[in-house]
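Examining the three-dimensional arrangement
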Amino acid sequence: MIQIQCEALLFDMDGVLINSTPAVARVWARWAIERGLNPEEVVARAHGRPSLTTVKEYLPDADHDAENREVERREIADLEGVVPLPGALDLLSSLPEDRWTIVTSCTRALAEVRIRAAGLPLPKKLVTSNDITNGKPHPDPYLKGAFKLGFSPADCVVLEDVPAGVRSGKTAGAKVIAFTTTVESAVLRRSGADWVLQSCADITLAAPAEPTRRLSPHHLRSDDKKLTLSLHLPG
């Protein structure tokens, strides 16, 4: 076990807090088959990125907005097997509500449906694909998440499960914890993950540490305390 400190946690959603993999695979496989594409390849590429990115990549000449709306409609309708991952609810419940948020490549409508279906709390400062221009692996999503909470990205820890998300967190300047829920440990490490764990169940909140200050000039607080996290490393 090791201990690390940070100001806030920025969680990816699918594959980190929620298991939606079966639903994602069903929707994208069906979409790919209907359009004469390789379903296995499309499913692998779609995970962890905005759906619009995948649509544009495979159908460059299509009506991208219409295709994206259809994918979203199907994903919202397919909630079978959408459940919280181990330790997710316990970890979120232990954190101060102003010290964490979710940064997802889903649209806001889809994110809210999945969060509620999994029985997880809905963060007040949720970041979705509707809030950014350049999705993961660009740094924009995690930059947005950190500043929404009022902290520097360098003082935050990102929690991810795929290479695109890991790279997004690292290029934003954050430390990254990666979970082996979707890809192998070696792949996550090659992408730049600082620590690789199995799930949120491997993280516990310890006692807060020294006082810190926020970045926001409109809301400086001298009484904020860093979070101390215990990471239970595999092996």
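Higher on the page you've got the structure.
As a starting point, this report considers the structure included with it. (Residues numbered from 1 in each chain as written. Predicted model: local features only at pLDDT ≥ 70, side-chain atom pairs only at ≥ 80, totals over all residues. Heavy atoms only, no water.)

Attention now goes to the sheet that holds strand S1 (residues 2–6). On the basis of which strands lie adjacent, the open sheet formed by 3 strands has the order S1-S12-S9 and antiparallel pairing. At either margin of the open sheet sits one strand with a lone partner, and together these are S1 and strand S9 (203–205). Within this sheet the neighbouring strands show an average axis-to-axis angle of 30°, counted without direction. In terms of strand pairing, S9 meets strand S12 (residues 227–231) through 3 bridges, oriented antiparallel. Residue pairing in the sheet places threonine 204 in a bridge with serine 230 of S12. (Pairing = 2+ DSSP bridges. Helix = DSSP H or I, 4+ residues; strand = E, 2+ residues; numbered from the N terminus. Axes fitted to C-alpha atoms, helices over the stretch in contact; angles between N-to-C directions.)

The subject of this paragraph is unusual backbone geometry. A cis amide bond links lysine 136 with the next residue in sequence, proline 137, at an omega value of 15°. Looking at where proline 137 falls in the secondary structure, it is placed in the loop between helix H6 (108–117) and helix H7 (140–149).

This model, assessed by the stated rule, comprises 2 aromatic pairs. For the pair phenylalanine 11 and tryptophan 100, a centre-to-centre distance of 6.1 Å together with 85° between the ring planes defines the contact as edge-to-face. Here tryptophan 100 lies in strand S5 (residues 100–102) and phenylalanine 11 lies in strand S2 (residues 8–11), a separation of 89 residues in the sequence. Owing to a relative accessible area of 6%, tryptophan 100 belongs among the buried residues under this scheme. Measuring from centroid to centroid gives 5.2 Å for tryptophan 28 and tryptophan 31, while their planes differ by 75°, and the two rings are edge-to-face. Of this pair, tryptophan 28 and tryptophan 31 both sit in helix H1 (residues 21–34), 3 residues apart, which is roughly one turn of the helix. Of the two residues, tryptophan 28 and tryptophan 31, both sit in the buried class. (Phe/Tyr/Trp six-rings, centres within 6.5 Å; stacked < 30°, edge-to-face > 60°. Buried < 20%, exposed > 50% of the residue type's maximum accessible area, 1.4 Å probe, protein only.)

Moving on to the sheet that holds strand S7 (residues 175–179). What links the strands of a sheet is backbone hydrogen bonding, and the strands pair in either a parallel or an antiparallel sense. Judged by pairing direction, the sheet is parallel, and its 5 strands sit side by side in the order S5-S2-S6-S7-S8 without closing on themselves. At either end of the open sheet lies a strand with only one pairing partner, and these are S5 and strand S8 (195–197). Along the sheet, successive strands turn relative to each other by an average axial angle of 20°, direction set aside. Bridging between S2 and strand S6 (residues 156–160) involves 4 bridges; their strand directions are parallel. Paired with phenylalanine 11 across the two strands is leucine 159, which belongs to S6. Packing of H7 onto the sheet brings it into contact with S2, S5 and S6, and relative to S2 it is tilted by some 140°. (Contact = heavy atoms within 4.5 Å.)

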